[in-house]
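Chain by chain, the residues:
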Amino acid sequence: MGIRYLTAGESHGPQLTTIIEGLPAGMPLVAEDINTELARRQKGYGRGRRMEIEKDMVEITSGVRHGQTLGSPIALVVKNNDWKHWTKIMGIEPLQEVEEEEIKRKVTRARPGHADLNGALKYGHRDMRNVLERSSARETTVRVAAGSVAKKLLSLVGVEVVAHVVEIGGKKANPLHHLSFKEIKEQAEASPVRCIDSNAEKAMIAAIDEAKKNGDSIGGVVEVIATGMPTGVGSYVHYDRKLDAKLAAAIVSINAFKGVEFGIGFEAARKPGSEVHDEIVWDDEWGYSRKTNRLGGFEGGMTTGMPIIVRGVMKPIPTLYKPLMSVDIETKEPFAASIERSDSCAVPAAAVVAENVVAWELANALVEQFYSDRFDTFVKEINEQREFAREF
Ligand SMILES: Cc1cc2nc3c(=O)[nH]c(=O)nc-3n(C[C@H](O)[C@H](O)[C@H](O)COP(=O)(O)O)c2cc1C
Ligand SMILES: C=C(O[C@@H]1CC(C(=O)O)=C[C@@H](OP(=O)(O)O)[C@H]1O)C(=O)O
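Residues numbered from 1 in each chain as written. Chains lettered and ligands numbered in written order. Predicted model: local features only at pLDDT ≥ 70, side-chain atom pairs only at ≥ 80, totals over all residues.

As annotated in an unreviewed UniProt entry, the protein chain carries the name Chorismate synthase and comes from Neobacillus massiliamazoniensis. A UniProt comment under Pathway (unreviewed entry) is attached to the protein chain, and it reads "Metabolic intermediate biosynthesis; chorismate biosynthesis; chorismate from D-erythrose 4-phosphate and phosphoenolpyruvate: step 7/7." (UniProt positions renumbered as here; feature names shortened; annotations may be inferred.)

Q: Would you take a moment to explain the site of ligand 1 for this structure?
A: In the region of ligand 1, 19 residues are neighbours, and A137, N255, T319, D343 and A346 sit closest. The element that contributes the greatest number of residues to the shell around ligand 1 is helix 10 (residues 347-369), accounting for three residues. Residues that form the shell around ligand 1 fall into these classes: ten nonpolar, eight polar and one charged. (Near = placed C-beta within 6 Å. Helix = DSSP H or I, 4+ residues; strand = E, 2+ residues; numbered from the N terminus. Nonpolar A, V, L, I, M, F, W, Y, C, P; charged D, E, K, R; others polar.)

Q: What is the right way to look at the site of ligand 2 in this model?
A: In the vicinity of ligand 2 there are 13 residues, among which R50, S136, A137, R138 and R341 approach most closely. A per-class count over the shell around ligand 2 returns one nonpolar, seven polar and five charged.

Q: Explain the packing of helix 1 (residues 31-42) against helix 10 here, please?
A: The relative placement of two packed helices is expressed as an angle between their axes plus a distance between the axes. The interhelical angle for the contact between helix 1 and helix 10, taken along N-to-C directions, is 145°, at an axis separation of 7 Å. Contacts from E37, R40 and R41 in helix 1 reach A349, V352, V353 and N356 in helix 10. Broken down by class, the residue content of the contact of helix 1 with helix 10 amounts to three nonpolar, one polar and three charged. (Axes fitted to C-alpha atoms, helices over the stretch in contact; angles between N-to-C directions. Contact = placed C-beta atoms within 7 Å.)

Q: How should I be thinking about the nonpolar core in this particular structure?
A: A general tendency of soluble globular proteins is for nonpolar side chains to be buried together. Membership of the largest hydrophobic core comes to 85 residues, with the highest contact counts inside it found for V222, A350, A354, V358, L362 and A363. Here this core gets 16 residues from one element, more than from any other, and that element is helix 10. Other than its neighbours up to four places away in sequence, A350 contacts V222, I254 and M314. Listed in part, the five residues of the second largest apolar core include A110, A120, M128 and L132. (Core = buried A, V, L, I, M, F, W, Y, C linked by C-beta atoms within 7 Å. Buried ≥ 20, exposed ≤ 12 C-beta atoms within 10 Å, placed from the backbone.)

Q: What's the story with the environment of T292 in this structure? I'm lost.
A: Residue position: T292 is located in the loop between strand 12 (287-290) and strand 13 (298-299). Residues T292 and H277, spaced 15 residues apart in sequence, show a C-alpha to C-alpha distance of 8.3 Å. If we skip the residues at most four places from it in the chain, T292 touches D278 and E279.

Q: Would you mind showing me how to read the sheet that holds strand 10 (residues 257-262) here?
A: To summarise the sheet geometry, strands pair through backbone hydrogen bonds and adopt either a parallel or an antiparallel arrangement. Spatially, the five strands line up as an open sheet ordered 8-7-9-15-10, and their pairing is antiparallel. Every other strand in the sheet has two partners, leaving strand 8 (171-172) and strand 10 as the edge strands with one partner each. Direction of pairing for strand 7 (residues 160-168) relative to strand 8: antiparallel, over a ladder of two bridges. If you follow E167 over to strand 8, its bridge partner there is K172. (Pairing = 2+ DSSP bridges.)

Q: It is not clear to me how unusual backbone geometry should be interpreted in this structure. Could you clarify?
A: Both trends apply: most residues other than glycine have a negative phi, and most peptide bonds are in trans. You will see that H66, though not glycine, has its phi angle at about 50°, which is positive. If you trace the backbone, H66 turns up in the loop between strand 4 (64-65) and strand 5 (68-69). You will see that A256, though not glycine, has its phi angle at about 80°, which is positive. We classify A256 as partly exposed; it has 19 C-beta atoms within 10 Å.

Here it is in structure tokens:
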């Protein structure tokens, strides 16, 4: 048994909700653990005006008592401040008559690159607002809320996760292998684009400004690093138990993410095996480890105990001030898409989302493998596995 969660909520509806199930009882958890992550997701250079409206704060409505998990489902709620501007358009009750406002705000012009047209064709929505409200990355707020609970669990068993931005709009950060995990974390946090290379940071900011000025959008690459995972977590025995595969799915499930790499990633296609695989070493203090970490912490769908390094690529934001041609589903006429507001680049914010979805999968893998209804015995099981691996 692992942990699972569902989310509900529309981008301009009253609130977002997540229900998390399967966490052991007795784990410390307070709203502050979640709010810290929500605030991190809201930062990041390149976002549009919506982030000025929202101040995401969680309300824990069940599953926690006096700062500890109960073992029962945990429900988390984040209100949308913007809801007050949308109460009529997003109303739950049926409309009595076709209101002027409703006609004005009906979305019939599909944006290339967004979910609008496919969603309309799938569900039969003639007002594509019914699609965009849920396909919006506003939902990543509660994915981060769920991820922050996972991050809390991980931190209590010695696993840390951080994300930083390695590329925006073709501007690449230099690989900074000499930095410690702590330095990466601090420098990413201090950077408006979550980049730890100050020269690249300047170039990324300039690229975002340029894209914004041109009414365009840009994407990039984020890297998530996780340290402290015990060895042998995940499995090789079946496709749906491979932990690297689960991480890949988690990353590509983030809105606008199109690809994943582990360690040296696609570079492995261009190198001989002797320059890809990591040599195995042993010492009596730590047991087994690898001389290098080119495979990014995975062999055979299981953790090697080396840092997990996973990168995800985010395409540019689809909603553009600079119009692309599309078709109006009412008139079938071509039109040049125009918009009210949008992000020009959400890569830094998406890095925080990536960090949290990776944390979720790692926590889930630990709960599946070391399951206990009690948090104290769960921790004990993990530590015993670490000890076992050291002495093996
Ligand atoms: C943090 C974040 C913010 C985003 N902001 C916007 C936005 O302002 N406008 C937009 O059109 N898409 C935005 N997107 C991307 C769309 O949500 C995404 O492209 C859309 O859901 C279609 O899914 P797909 O790109 O995965 O196919 C954002 C994505 C993320 C992760
Ligand atoms: C609301 C968030 O991101 C939104 C994601 C998004 C999209 O289409 O994905 C479109 C924009 O929504 P709006 O049109 O309301 O400004 C973003 O602001 C958020 O990240 O919290």
